[in-house]
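Topology and contacts: notes
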Amino acid sequence: MQTTMNAFLAYLGYLEPILCGMLIYFMMRNKSVHQFKYLVALLGVRFGCSVICLPLLYLCGRRLSVHVTYPIYFYTYWGCYALEAILSLMVIYSIFKLAMAPLKGLQTLGILVFRWVAAISVAVSIGVAVTPHLSGVKFMTAMITQLQQTSSILTLCLLLFVCFAIRPMGLSFRSRIFGVSLGLGFLATISLVNSAWIAHNPSMFSVFSLVNGLAVGLTLLTWSAYFAFPEPKRRIIVLPTTSPFLRWNQISMALGDDPGYVAVGGIPPELFAPAELEVMRRASAKMTPALESPAAMHSLSA
């Protein structure tokens, strides 16, 4: 049974870079790379990690000793894991911007809130990892794991928001924005469940590896389906005057505007440039006959 599971895990490991390469090809074919550049970067990191780590696992004990392959594998895996956590936050950031593009006010306000939440989350991840009993490699792995969990929580919050705002934002369930959010939410759920369960059941590591491999493969296939077929055009947003989205968008835009300024009291001529004084003099000369003509006509009629 254990041998069969290990063989199946190996097949899933070899399948992941193939699916990543296929998905990147679909995104290049329909010219979605610029729009989803952080997702492409995330896929590139996973692809590169697989290309480096899989040969190391194969060569370990055959042509290379464990003392040579393990350090390379360890630092490659955890380095890519850290990059994936950071890029996942960037993917969430870009998806939110794309979803809120029609409402610039809410987009600006949401981006500001997201930046603060992301910064606080990173600080909390580092703070949780800083303990007297953790140092060096253990500190690095604890911090990266905590950062990945924080990224998973933010991903689930984004998925919840997209599900509620998909109709008002002119999107549909066939939209790539929803598809990417759905895949990220699925991976985030699996990651959080694995982290919580494996802390109490360390003997179930191989089972969790199998579940995680299946989840990654299913997510990559889902994204491939979204990017392989044409995306429906985004509907024009028509919001009623009582819509909370419209009101909050107006408030957000008003908060970001620079207020106008009014000159109160006399202004000394020294503040104006000579050209400005000449323009005002000519304008005053043109206005003076117009102001005097009614008085002149009144005197003539008298």
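Higher on the page you've got the structure.
Here's what I pulled together on the structure shown here.

Definitions and cut-offs
- Residues numbered from 1 in each chain as written.
- Predicted model: local features only at pLDDT ≥ 70, side-chain atom pairs only at ≥ 80, totals over all residues.
- Heavy atoms only, no water.
- Helix = DSSP H or I, 4+ residues; strand = E, 2+ residues; numbered from the N terminus.
- Buried < 20%, exposed > 50% of the residue type's maximum accessible area, 1.4 Å probe, protein only.
- Phe/Tyr/Trp six-rings, centres within 6.5 Å; stacked < 30°, edge-to-face > 60°.
- Salt bridge = Lys/Arg side-chain N within 4 Å of Asp/Glu carboxyl O.
- Patch = residues over 30% accessible without salt bridge, like charges linked within 9 Å, V, L, I, M, F, W, Y side chains within 5 Å.
- Areas by Shrake-Rupley, 256 points an atom, 1.4 Å probe, with all protein chains shown as cover.
- Axes fitted to C-alpha atoms, helices over the stretch in contact; angles between N-to-C directions.
- Parallel < 35°, antiparallel > 145°, perpendicular 65-115°, else oblique.
- Left-handed = near helix turned anticlockwise from the far one by under 90°.
- Nonpolar A, V, L, I, M, F, W, Y, C, P; charged D, E, K, R; others polar.

**Focus: the environment of Leu9**
For Leu9, the location among the structural elements is in helix α1 (residues 2-29). Given a relative accessible area of 23%, Leu9 falls into the partly exposed group. Residues Leu9 and Ser209, spaced 200 residues apart in sequence, show a C-alpha to C-alpha distance of 7.5 Å.

**A word on the packing of aromatic side chains**
Applying the stated criterion across every chain yields a total of ten aromatic pairs. Note on Phe74 and Tyr75: the rings are 5.2 Å apart at their centroids and 90 degrees apart in plane angle, and the pair reads as edge-to-face. On the basis of relative accessible area, Phe74 is assigned to the buried category, the value being 15%. The class for Tyr75 is partly exposed, based on a relative accessible area of 49%. Among the aromatic residues, ring-to-ring pairing joins Tyr70, Tyr73, Phe74, Tyr75, Tyr77, Trp78 and Tyr81 into one connected group.

**Looking at the pattern of salt bridges**
Taken as a whole and assessed by the stated rule, the structure comprises three salt bridges. Between Arg46 and Glu84 there is a salt bridge whose closest N-O contact spans 3.1 Å. With Arg46 in helix α2 (residues 37-59) and Glu84 in helix α3 (residues 66-99), this pair connects stretches of sequence that are 38 residues apart. Residue Arg46 shares its accessibility class with Glu84, and that shared class is buried.

**A word on a nonpolar patch on the surface**
Together, Phe47, Val51, Ile52, Leu64, Val68 and Ile72 make up a nonpolar patch on the protein surface, roughly 460 Å² of accessible area in all. Secondary-structure elements contributing two or more residues to the nonpolar patch are α2 and α3. No other element matches α2, which puts three residues into the nonpolar patch. Structurally, Leu64 can be placed in the loop between α2 and α3.

**Regarding the packing of α3 against helix α5 (residues 137-165)**
Between α3 and α5, whose axes approach to 9 Å, the crossing angle comes to 25 degrees. Classed by the angle they form, the pair α3 and α5 counts as roughly parallel. Taken as a pair, α3 and α5 cross one another with a handedness that is left-handed. When the residues that make up the contact of α3 with α5 are grouped by side-chain class, the tally is 18 nonpolar, six polar and one charged.

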